[in-house]
Amino acid sequence: MTLKVYADRMSQPSRAVIIFCKINGIEFEEVKIDISRRQHRTPEFEEINPMKKVPAIVDGRFKLFESHAIMIYLAYVFPGVADHWYPADLSKRAKIHSVLDWHHSNLRHGAATYVLNSTLGPALGRPLNPKAAAEGEKILSESLAKIESVWLKGNGRFLLGSLQPSIADLSLVCEIMQLEVVNEKDRDRILGPHKKVLKWINDTKNATRPHFDEVHSVLFKVKEKLKRLQSGGAKDETQSTLKSALHSKM
Amino acid sequence: MKKVPAIVDGRFKLFESHAIMIYLAYVFPGVADHWYPADLSKRAKIHSVLDWHHSNLRHGAATYVLNSTLGPALGRPLNPKAAAEGEKILSESLAKIESVWLKGNGRFLLGSLQPSIADLSLVCEIMQLEVVNEKDRDRILGPHKKVLKWINDTKNATRPHFDEVHSVLFKVKEKLKRLQSGGAKDETQSTLKSALHSKM
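Residues numbered from 1 in each chain as written. Chains lettered and ligands numbered in written order. Predicted model: local features only at pLDDT ≥ 70, side-chain atom pairs only at ≥ 80, totals over all residues. Heavy atoms only, no water.

A. Fine view of the UniProt feature "domain: GST C-terminal" (unreviewed entry) in chain A. Feature annotation in UniProt assigns "domain: GST C-terminal" (unreviewed entry) to the following positions: residues 89-229 of chain A. Taken end to end, residues 89-229 of chain A is 74% helix and 0% strand, and its first and last C-alpha atoms sit 50 Å apart. (UniProt positions renumbered as here; feature names shortened; annotations may be inferred. Helix = DSSP H or I, 4+ residues; strand = E, 2+ residues; numbered from the N terminus.)

Set out below in structure tokens:
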């Protein structure tokens, strides 16, 4: 029975799991759970993940949620997964756990809060909130600085001085990619100063091609649609405007 | 990152408590399997709880305790609005612990008969509520009987160390109670700092 991955490609951790599976040749069935259509709140999906979030997997009769736990589990059970994704070396592995733990309350917290409150909220039934967006941006910027000064120290192109990417690179880069839907000016203001981060994003993209761009294509479609709607005079990111951006076929 | 805890093992430095406990479970042969099982499915579920913890129980509890009680001791003003937001996340998290993580036959998370590092991490987080005034603590924790039992089971499974390590919390709690009943109604920075620094 094939592995099932329940995901919404608009969800950062969903993308990390999907790219991880594709780059490692793990056979799976992607089951789309559309958050903007509230498919995560159905009783059927609640059976899969009682926390009602994506991503989640079902492997045979084994259900699991939380993207870091999922990628670690898949690295263990699928023999084709190269060691650099989740090394057997205990010290390297411990450092990867350290980044993954740090991520939740720092990069993810900042980036998700900022993107939700500045841009994507209405597509998910929530109003924009400039004050919350500003607080999120502060944490996001501090986190990007820490990535440069701490996690990207060393000789490698990837986190923790590695010459090859790990699940930590995938998780954090997919989070930062969510900024693609934010308007260009703000995105450049936030990311622009962090040259090391920009290079690292590119290195991660190259190390996982062609899957990285393919999995992220939904983000770029939403971004284009938002730009067209906004230049067409729809100055308010109303719920219907953004929902149509997410649902329109391109 | 200028945070605790952190460890140094020989020349190896590590921070983030979950990463630390996993590393120690690996490298110290005396650690019993139930803390971080070799079974990959059990281990994956423990990772799942530990991941969930950051943005749920920890986020809610720490926000609530900081903004309702401990802030001034750390140079930050109290913030009732932030405390209320924290309490909401905390209460939702306690409900999720009861309905999801404590389902099953065991006394511990994930239906286990013995505690894992996940039990230790989450219970220590909830213990921080000890410094909050009794009335609020009972309001928040009181409805969650399964959680209260689980805290007790975890305490018993790790005795005598659990109470010994938590003794500082109880000292701060006593001191805060004395300062508050003595008429110091504002949790001023100096009031709380003296609570943390006084020798008892």
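B. Fine view of the sheet that holds strand β3 (residues 56-59) of chain A. Residue and element names in this part refer to chain A. Judged by pairing direction, the sheet is mixed, and its four strands sit side by side in the order β2-β1-β3-β4 without closing on themselves. Single-partner strands in this sheet number two, and they are β2 (28-32) and β4 (62-65). With direction set aside, neighbouring strand axes in the sheet form an average angle of 20 degrees. Sheet topology note: the strand β1 (residues 3-7)/β2 ladder contains five bridges and is parallel. In the sheet register, Ala7 faces β2, and the bridge partner there is Lys32. Docked against the sheet, helix α3 (residues 67-77) engages β1, β3 and β4, running at close to 135 degrees with respect to β4. (Pairing = 2+ DSSP bridges. Axes fitted to C-alpha atoms, helices over the stretch in contact; angles between N-to-C directions. Contact = heavy atoms within 4.5 Å.)

C. Up close: helix α4 (residues 117-127) of chain B. Of all eleven residues making up α4 of chain B, nine are buried, and the element is well covered by its neighbours. Among the residues of α4 of chain B, those classed as buried are Ile117, Ala118, Asp119, Ser121, Leu122, Val123, Glu125, Ile126 and Met127 of chain B. (Buried < 20%, exposed > 50% of the residue type's maximum accessible area, 1.4 Å probe, protein only.)

D. Region of interest: the UniProt feature "domain: GST C-terminal" (unreviewed entry) in chain B. Residues annotated by UniProt as "domain: GST C-terminal" (unreviewed entry) correspond here to residues 39-179 of chain B. End C-alpha atoms of residues 39-179 of chain B are separated by 50 Å, and the span's content is 74% helix alongside 0% strand.

E. Expanded view of unusual backbone geometry. In this structure, the amide linkage connecting Val4 of chain B to the following residue, Pro5 of chain B, adopts the cis form with an omega of 0 degrees. Along the chain, Pro5 of chain B falls in the segment before β1 (6-9). A positive phi angle is found at Leu160 of chain A, which is not glycine, with a value near 65 degrees. Structurally, Leu160 of chain A is set in the loop between α5 (130-151) and α6 (167-177). Of note, Leu110 of chain B is a non-glycine position whose phi angle comes to about 65 degrees, a positive value. Relative to the helices and strands, Leu110 of chain B is located in the loop between α3 (80-101) and α4.

F. A look at the pattern of salt bridges. The final tally for this structure, using the stated rule, is 21 salt bridges over all chains. Across the salt bridge formed by Arg9 of chain A and Glu214 of chain A, the nearest N and O atoms sit 2.9 Å from each other. With a gap of 205 residues between them, Arg9 of chain A in the loop between β1 and α1 (12-23) and Glu214 of chain A in helix α9 (residues 211-231) connect regions that are remote in the sequence. In this structure, Glu87 of chain B and Arg139 of chain B form a salt bridge, with 2.6 Å as the shortest nitrogen-oxygen distance. Taken together, the residues span a long stretch of sequence, with Glu87 of chain B in helix α3 and Arg139 of chain B in helix α5 (residues 134-141) at a distance of 52 residues. Given a relative accessible area of 19%, Glu87 of chain B falls into the buried group. Owing to a relative accessible area of 42%, Arg139 of chain B belongs among the partly exposed residues under this scheme. (Salt bridge = Lys/Arg side-chain N within 4 Å of Asp/Glu carboxyl O.)

G. Here's a closer look at the interface of chain B and chain A. Tallying the contact residues gives 29 residues for chain B and 30 residues for chain A. For the pair chain B and chain A, the summed buried surface comes to about 2600 Å²; carbon and sulfur atoms form 66% of the total. The tally of links between chain B and chain A comes to zero salt bridges. On the surface where chain B and chain A come into contact, there are ten residue pairs in polar contact (both at pLDDT 80 or more). Grouping the constituent residues of the side of chain B that touches chain A by class yields 15 nonpolar, seven polar and seven charged. (Buried area = accessible area lost by both parts, 1.4 Å probe. Polar contact = N/O pair within 3.5 Å; in protein donor to acceptor, adjacent residues only side chain to side chain. Nonpolar A, V, L, I, M, F, W, Y, C, P; charged D, E, K, R; others polar.)

H. Broad picture of the state of the cysteines. Residue and element names in this part refer to chain A. Scanning all chains against the criterion turns up zero disulfides over all chains. Unpaired in this structure, Cys21 has its nearest cysteine sulfur neighbour in Cys174, at a distance of 12 Å. Overall, the relative accessible area of 0% leaves Cys174 in the buried class. (Disulfide = S-S within 2.5 Å.)

I. Broad picture of the UniProt feature "domain: GST N-terminal" (unreviewed entry) in chain A. Following the UniProt record, the feature "domain: GST N-terminal" (unreviewed entry) maps to residues 1-82 of chain A here. Span residues 1-82 of chain A is 35% helix and 22% strand, its end C-alpha atoms 23 Å apart.

J. Seen up close, the side chain of Arg137 of chain B. With respect to the helices and strands, the residue Arg137 of chain B is situated in helix α5. Residues within four places of Arg137 of chain B in sequence aside, it is in contact with Leu129, Glu130, Val132 and Gly142 of chain B.

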